[in-house]
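# Geometric and topological summary
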Amino acid sequence: GYDISGLLNKTGHVTLDTGFVNTAACESAITYIDGDSGILRYRGYPIEQLARQSTFIEVSYLLIYGELPTQAELDAFTDRLRIHTLVHEEMRRFFDGFPRDAHPMAVLSSGVSALSTFYQDSLDPFDEEHVQASTIRLLAKVPTIAAYAYKKSIGMPPMYPDNSLEYVENFLRMTFGMPTTPYDVDPYIAKALDQLFVLHADHEQNCSTSTVRMVGSSHANLFASVSAGVNALFGPLHGGANSAVLQMLSRIAADGGDITSFVNRVKNRDDNVRLMGFGHRVYKHYDPRAAIVKETARQVIDRMPQPDHLLELAMQLEEIALADEYFVSRKLYPNVDFYTGLIYKAMGFPTPMFTVLFALGRLPGWIAQWREMIADPATKIGRPRQVYIGEQERDYRPIDQR
Ligand code: ACO
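Residues numbered from 1 in each chain as written. Predicted model: local features only at pLDDT ≥ 70, side-chain atom pairs only at ≥ 80, totals over all residues. Heavy atoms only, no water.

### Quick look at the packing of aromatic side chains
As a reminder of what qualifies: Only centres within 6.5 Å qualify two rings of Phe, Tyr or Trp (six-membered ring in Trp) as a pair; their planes then separate them into stacked at under 30 degrees, edge-to-face at over 60, and tilted for everything else. Only runs of H or I of at least four residues qualify as helices and only runs of E of at least two qualify as strands under DSSP, and these elements are numbered from the N terminus. For every residue, the accessible area (1.4 Å probe, protein chains only) is compared with the maximum for its type, and the residue is labelled buried under 20%, exposed over 50%, or partly exposed between those bounds.
Following the criterion strictly, the structure yields 19 aromatic pairs and no others. Note on Tyr 61 and Phe 77: the rings are 5.3 Å apart at their centroids and 80° apart in plane angle, and the pair reads as edge-to-face. Placement of Tyr 61 in helix α2 (residues 56-65) and of Phe 77 in helix α3 (residues 71-82) is noted, with a sequence separation of 16 residues between them. Where Tyr 326 meets Phe 327, the ring centres are 4.9 Å apart and the plane angle is 70°; that geometry is what we call edge-to-face. When sorted by exposure, Tyr 326 lands in the same class as Phe 327, which is buried.

Here it is, written out as structure tokens:
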């Protein structure tokens, strides 16, 4: 019943594809996913090889610059990151204004956005030196801001970076260390967190990455675009799912551990409850990242003095769901978030920090995708069309006649 003539325009037919299920918004040479076979590759390298043999810094270099670095390139990149870990001292005053119970994702996105005000010499998207400077500044400073957000939430003073440490070790120390006491980073935990960051480093055109590209397509600077990505990741259907999984598991445990009745609630859609950490827009197969994370969860939790009974609960829940027709017919498998929250909890992170950890891991992917978009001459400002379903033309009536 609607006039659709406006949808047949000079550029062809306008299609309605809610959620972009079948519409590609760009060409990209960064990440390859075959969701039906459970394949994920960064720049051609299988995720399994990168997770087991590479490091987060090397993978960041690979995503951003396209090739694995030589030793000299890696050393130069690492050194540049080291000297940029401090944030501008005046940013502390800016942070001090936030309420103490602010969610650390809100603090993080504000902090990243504020980088545009403190580092005005690196905002031009078409100046190579500016882009390089903002790339390094983001990678180096976001862990400092993230750790600051955590310290703020627990009422503790911030820790300055210790640039003799590796990237992830430095972040762990800034998060869990105290200015008054020496802090020894557990190398096993640092390695496990590094691996989790590798697994999260890019995932082609997901919600937050598409947001980064969309904002950047207006030629907004890298800091502004990435802060928008942080906000997109905040939602429980995206990065927030890792905390939602833990809340779900804790609730099942608190209700007596009856997994079957919880699964029935999901199937009956009681209160629209979903099995968090399950399902994926692209993977209709076991998420290859989830397979690695499941293994890591077992190893990290086994090292803890107190085993976490929620891991057993998660494993039983997975087993029951994977044998259930509802999940099988919809091809719903655990995604990367199903086990990550359990690992973060075992490492000592409070639940609100889980999504921040996802953001730290996804950062090089956002940067790489923004840079690819800016460098691509085919890029146009992102501007989706719509199918209008509102009123047809009608006449204005003065207020006394309504
Ligand atoms: N629990 C129960 N049912 C589900 C779930 C779930 N987790 N996920 C999808 N379904 C069902 C839907 O109800 C729908 O069923 P129907 O066809 O009978 O109506 C069908 O499976 C398809 O689901 P959609 O919502 O259309 O799938 P979509 O691709 O839009 O959503 C998403 C993908 C958002 C990830 C979804 O699976 C979900 O909400 N999962 C839980 C949240 C989560 O874990 N998010 C993390 C994603 S991964 C990441 O961001 C790193």
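### Notes on the site of the ligand
Keep this limit in mind: What makes a residue near a molecule or strand is one non-hydrogen atom of that residue sitting within 4 Å of it. Under the rule applied, a polar contact is a pair of N or O atoms within 3.5 Å (in protein, one hydrogen donor and one hydrogen acceptor; residues adjacent in sequence only if both atoms are side-chain atoms). Calculation of accessible area relied on Shrake-Rupley with a 1.4 Å probe; when residues are assessed, cover is drawn exclusively from the protein chains displayed. Polar here means any residue outside two lists: the nonpolar Ala, Val, Leu, Ile, Met, Phe, Trp, Tyr, Cys and Pro, and the charged Asp, Glu, Lys and Arg; Gly therefore counts as polar.
The immediate surroundings of the ligand are formed by 20 residues, with Arg 269, Arg 274, Leu 275, Gly 277 and Arg 281 found nearest. Between the ligand and Gly 277 there is a distance of 2.8 Å, counted from an oxygen atom to a backbone nitrogen or oxygen. Here a nitrogen atom of the ligand sits 2.9 Å away from a polar atom, N or O, in the main chain of Phe 278. Protein chains bury 75% of the 920 Å² of accessible surface belonging to the ligand in isolation. Taken together, the residues that form the shell around the ligand break down as 10 nonpolar, five polar and five charged.

### Points about the pattern of salt bridges
The criterion, for reference: For this analysis, a salt bridge means a side-chain nitrogen from Lys or Arg found within 4 Å of a carboxyl oxygen belonging to Asp or Glu.
Taken as a whole and assessed by the stated rule, the structure comprises 14 salt bridges. Within the structure, one salt-bridge network assembled from shared partners comprises Arg 298, Asp 302 and Glu 312.

### Regarding the environment of Gln 247
Within the secondary structure, Gln 247 sits in helix α11 (residues 241-254). The spatial distance from the C-alpha of Gln 247 to the C-alpha of Asp 395 is 52 Å, given a sequence separation of 148 residues.

### Topic: the packing of α11 against helix α14 (residues 309-322)
Put simply, the rule reads: Axis geometry follows a simple rule: fit a line to the C-alpha atoms, using only the stretch in contact for helices, then measure angles between N-to-C directions, giving values from 0 to 180 degrees. Each angle receives one of four descriptions, namely roughly parallel if under 35 degrees, roughly antiparallel if over 145, roughly perpendicular if within 65 to 115, and oblique otherwise. It only takes one pair of heavy atoms within 4.5 Å for two residues to be counted as in contact.
Interhelical geometry of α11 versus α14 gives an angle of 95° and a closest axis separation of 10 Å. In terms of axis orientation, α11 runs roughly perpendicular to α14. Where α11 approaches α14, its residues Leu 246, Met 248, Leu 249, Ser 250, Ile 252 and Ala 253 are matched on the opposing element by His 309, Leu 310, Leu 313, Ala 314 and Leu 317. Of the residues in the contact of α11 with α14, the class split is nine nonpolar, two polar and no charged.

### A few points about the nonpolar core
As a reminder, the rule being used: The nonpolar core is taken to be a set of buried Ala, Val, Leu, Ile, Met, Phe, Trp, Tyr and Cys residues, with the residues joined through side-chain atoms within 4.5 Å.
Leu 108, Leu 193, Met 248, Leu 317 and Phe 349 are the most contacted members of the largest nonpolar core, which totals 118 residues. Non-local contacts of Leu 108, meaning those with residues more than four positions away in its chain, are made with Val 142, Ile 145, Ala 146, Val 230, Val 356 and Ala 359.

### Quick look at the packing of α11 against helix α16 (residues 337-347)
Two elements in contact, α11 and α16, have axes whose closest approach is 8 Å; the angle formed by their N-to-C orientations is 80°. Here α11 lies roughly perpendicular to α16, going by the angle between them. Where α11 abuts α16, its residues Ala 241, Asn 242, Val 245, Leu 246, Met 248 and Leu 249 lie against Asp 337, Phe 338, Thr 340, Gly 341, Leu 342, Tyr 344 and Lys 345. Class assignment of the residues belonging to the contact of α11 with α16 gives a composition of eight nonpolar, three polar and two charged.

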